[in-house]
Amino acid sequence: MPVFSRIVAIDLPEGLTCDANGRNPPFEVGFTTDGEVPFPQVILHVQGRQHLVNDEAIDLAEPTAAGEHRFIASVPADLFGPGEIRVQVEGCRVADYRGAGGGDWIKGFATLKVVGPPRPVPRRAPAPAGGDAAEVKVYFGIHKHMHQPYYNTTDPNYWDGEKDGIFGSRGGPYTHFIPAAVRQYADGGLPHGGLSTSWSGTLIEQLNRCATEGLCGGRFSGWNEALREIARENTALGHPRTDFVAFGFFHPLMPLIPPRNIVKQVEWHRRIVREAFGIEASPVMFPPETAFHVRMIPALLQAGVEAVIYDSIHRFRACRDYPYAGMTEGMLPPNRAEQVNPPVDDWLQLHNIWAGSKISPSLLRPEFVQYEDPEGNVSRIVAVPAERYIGNEDARGGFGALQYPDVLGQVYDQIVATGDFDPKHPPFFVLHSDGDNHGGGADSYYMHNTGRMVAWLNEDPRFELTSIRDYLSRFPPDPENAVHIEPGSWSGADNGDPQFMKWFSRYNEPYSPDLNSWAVLTAFQNLVHTLEDAEPNHPGLAEATRLMLTAETSCYWYWTGQTVWDQQVTNAANMAHGMIRDAVTGLVTAKGDRTGPTIFPPWIIPENPGGKKWGQGCLLDAPREGVVHTFVHDVSGLKRVDLVLRTEAGERRIPMHNHGPYPSRTGPAVTADFLTADLPVGAGHVRYFIEAEDGQGTVARSALERVFLA
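So, here is what we can say about the structure in this document. Quick caveat, the model's predicted, so the values are computed rather than measured.

## Let's talk about unusual backbone geometry
Leaving glycine out, the prevailing phi sign among residues is negative, and the prevailing peptide bond configuration is trans. The step from Ile605 to Pro606 runs through a cis peptide bond, and the omega angle for that step is -10 degrees. The phi dihedral of Asn352 falls on the positive side, at around 65 degrees, and the residue is not glycine. Look at Asn495: it is not a glycine, yet its phi comes out positive at around 70 degrees. Relative to the elements of secondary structure, Asn495 occurs in the loop between β19 (482–483) and α12 (513–534).

## A short note on the nonpolar core
Core analysis: the largest hydrophobic core is formed by 118 residues, its most contacted members being Phe140 and Trp199. For this core, the leading source of residues is α12, giving 11 residues. For Phe140, the residues in contact, after removing those within four places along its chain, are Tyr404, Leu408, Phe428, Phe429, Leu431, Met453, Trp456, Leu457, Phe463, Glu464, Leu465 and Thr466. Core analysis: the second largest hydrophobic core is formed by 25 residues, Met254, Phe292, Val305 and Ala383 among them.

## Quick look at the packing of helix α9 (residues 404–418) against helix α10 (residues 443–459)
Put simply, α9 and α10 touch, their axes get as near as 11 Å, and they point 55 degrees apart. Judged on the interaxial angle alone, α10 and α9 are oblique. Residues Tyr404, Pro405 and Leu408 of α9 form the contact with α10, whose participating residues are Tyr445, Met453 and Trp456.

## Brief notes about helix α1 (residues 161–168)
Residues of α1 that are buried include every one of Lys163, Ile166 and Phe167, and no others. Considered in projection along α1, the buried side chains sweep an arc of 90 degrees and stay on one side of the axis. Of the surrounding secondary structure, the elements contacted by the buried residues of α1 are α3 (201–213). In this structure Asp160 caps α1, since a side-chain oxygen of it lies 3.1 Å from the backbone nitrogen of Glu162.

## Observations concerning the environment of Pro156
Within the secondary structure, Pro156 sits in the loop between β10 (138–146) and α1. Its relative accessible area of 32% is what places Pro156 among the partly exposed residues. With 50 residues separating them along the chain, Pro156 and Gln206 place their C-alpha atoms 8.5 Å apart. If sequence neighbours within four positions are ignored, Pro156 has contacts with Tyr150 and Arg209.

## Thoughts on the pairing of strand β17 (residues 428–434)
Consecutive side chains along a regular strand alternate between the two faces of the sheet. With six of seven residues buried, β17 lies mostly within the body of the structure. Taken together, the seven bridges between β10 and β17 define a ladder with parallel strand orientation. Paired with Phe140 across the bridge in β17 is Phe429.

## Quick word on the side chain of His432
As for its placement among the helices and strands, His432 is situated in strand β17. Those residues in contact with His432 that sit more than four places away from it in its chain are His143, Phe286, Thr290, Asp311, Ala386, Glu387, Gly391 and Trp490.

## Details of the pairing of strand β8 (residues 83–92)
Among the 10 residues that make up β8, seven are buried, leaving the element largely enclosed by the rest of the structure. In the sheet, strand β4 (residues 39–46) pairs with β8 via seven bridges, with the strands oriented antiparallel. Note on β8: the bridge partner recorded for His45 is Arg86. Inspection of the sheet shows β8 paired to strand β9 (residues 105–115) by 10 bridges, in the antiparallel sense. From the neighbouring strand, Cys92 faces β9, where its bridge partner is Trp105.

## Description of the side chain of Thr197
Relative to the helices and strands, Thr197 is located in strand β11 (residues 195–199). When residues no more than four places from it in sequence are discounted, the contact partners of Thr197 are His143, Lys144, Met146, Ile178, Thr242, Asp243, Phe244 and Val245.

## A look at the packing of aromatic side chains
Any two aromatic rings considered together are summarised by their centre-to-centre distance and by the angle between their planes. Across all of its chains, the model carries 46 aromatic pairs by this definition. A ring pair is formed by Phe249 and Phe250, whose centres lie 4.6 Å apart and whose planes are at 50 degrees; its orientation type is tilted. The exposure class of Phe249 is buried, given its relative accessible area of 3%. Of the aromatic side chains, those joined through ring pairs into one cluster are Phe504, Tyr511, Trp518, Trp557, Phe600, Trp603, Phe631, Tyr662 and Phe674. Sitting over the ring of Tyr446, Lys144 keeps its end group 5.8 Å from the ring centre. Positioned above the aromatic ring of Phe708, the side-chain terminus of Arg336 is 3.9 Å from the ring centre.

The rules behind the values
Residues numbered from 1 in each chain as written. Predicted model: local features only at pLDDT ≥ 70, side-chain atom pairs only at ≥ 80, totals over all residues. Heavy atoms only, no water. Helix = DSSP H or I, 4+ residues; strand = E, 2+ residues; numbered from the N terminus. Core = buried A, V, L, I, M, F, W, Y, C linked by side-chain atoms within 4.5 Å. Buried < 20%, exposed > 50% of the residue type's maximum accessible area, 1.4 Å probe, protein only. Contact = heavy atoms within 4.5 Å. Axes fitted to C-alpha atoms, helices over the stretch in contact; angles between N-to-C directions. Parallel < 35°, antiparallel > 145°, perpendicular 65-115°, else oblique. Arc of directions from axis to C-beta. Polar contact = N/O pair within 3.5 Å; in protein donor to acceptor, adjacent residues only side chain to side chain. Pairing = 2+ DSSP bridges. Phe/Tyr/Trp six-rings, centres within 6.5 Å; stacked < 30°, edge-to-face > 60°. Lys NZ or Arg CZ within 6 Å of the ring centre and 35° of its normal.

This is a description of form; function is not addressed.
This is the structure:
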């Protein structure tokens, strides 16, 4: 029988409907070839992923009289949700495909449309006790984020043709796009319509320079005039329609920097917002990368922040009985220590957008979230959900990409169908995206598609666009009901896992540029804090502090493997070290060091001891033996570093093993020590923190963390 030379036909189901869980049922892909196929397989391209069907999953029927071969590939259930699936049928003309060349592969393609399951028949929510029947309404807000980092930590005036092009291509987002959109809210009769927006201090400073020096061809002369004007426009409740929210000046990853630096970053940012836009920064915060951890709460409160935006999936995953979606979710299963909130029963699989897991409409509303420190002090702040999947779709271009009536209608229908509507705390979530990148930063988003959205809202009473502050004034969350939120960031950061591994790239290799930068930064922070506490008027302190805060820019970890970024933290630290080294050395010699050790927030490998870990295209059982890692530094040296565990059996101290300074390849003047400690197997729910004592007897503690040890 001759080896095939072409794929004659591909046969797919006429249409495929997902099951009640929103996943594909089992089905078959048939294909016919003109001869024998030594190695056949089918590849399904689904939402950026590939699913292979080969070997025993493909059956061969009897060859026809014409010599054609008919194959049937059996595709299992639960691989993907609704959408357009690209089906690739291919065969290799040699049996040992591993040694085959490009000419040995023959391919064919087809498209399969997969639709979601029928929607439940909605039923009106019951009347609340003592009142009339409540009209179900879904509220939502929009957030636009603007940022550019300094491309050289040691020279804020660095500029080249690449930067000129980057800024010049964003003329609209950085000047008049937001005012044009918000003006349509006001002119369209939306009384509470507004948006929140975050502008990093580094972006504002560079735009000011563009205006002063005529960079980008003079494009940014008077760049903030329209923004200052729209900032004076208020909603029906007197809040700004354009809410310039609290932020970190240099775009730091706030869960991984010291609390005192969170406060500095926010305070510096408030000043520049006041100067640039003539308005006070909002008490609402959008944290850089939507990265949130409950240990941030005390510092945020100290900085005057009253509400913080977070990515909604981390609230969902903090529920008991959360329906983990497997690998399509892009994260490991939640650690059981994070799942402390009561279960809910309104899980919904969204259709007609990419959604890697289910959402819970009943949890899409602001709530108080709390943190308890090692001493037992409890802090609470309002947390506002930014809906992960709907926001991601909105980022592709507003109404042009996201079909608001259909997708938000699914949320509405689920609320009605489950009878889960609280008129005192109706659903509200934010659609957040970069305001200067891709579809969410395009002219069409702010102009034409915004107009379509406003027209739709005026015709559809089920939905209302509102600013965050208007919503919180109308429907304040219950301060007596505080919940927990799992750590994590937005989906664009490697799906925003709870360990922030986007900023720990190559952590399991002998050398990690990311870990190196954290080690250098930890030592740098201790150096600056020591001088700040002892000599707050030292002439070199102001510039050293600015270099320290600049070095906290999260972008310097985002692009791992590029020397220009991997070197940035070390360059800033070394420059500052030269400015204040002698003063700090003098403090140590005179025993004037008043500052305890700087402790980097610990991370655990494997992330879920005894749970699951990543394999090659699969999930594997993780070892039960977990290891805590951290960096610690003090200018007076370290006397001891202990891991303190709290379980039902009581408190236990484990001395951490000091491996010495992290072995850097960037030439830092000083770097922190790398320490580890083995966790006990099978300890169950554990609360833990790190306690470190320096050479002069000053003790510091890290935040109180949690983990479940299976």
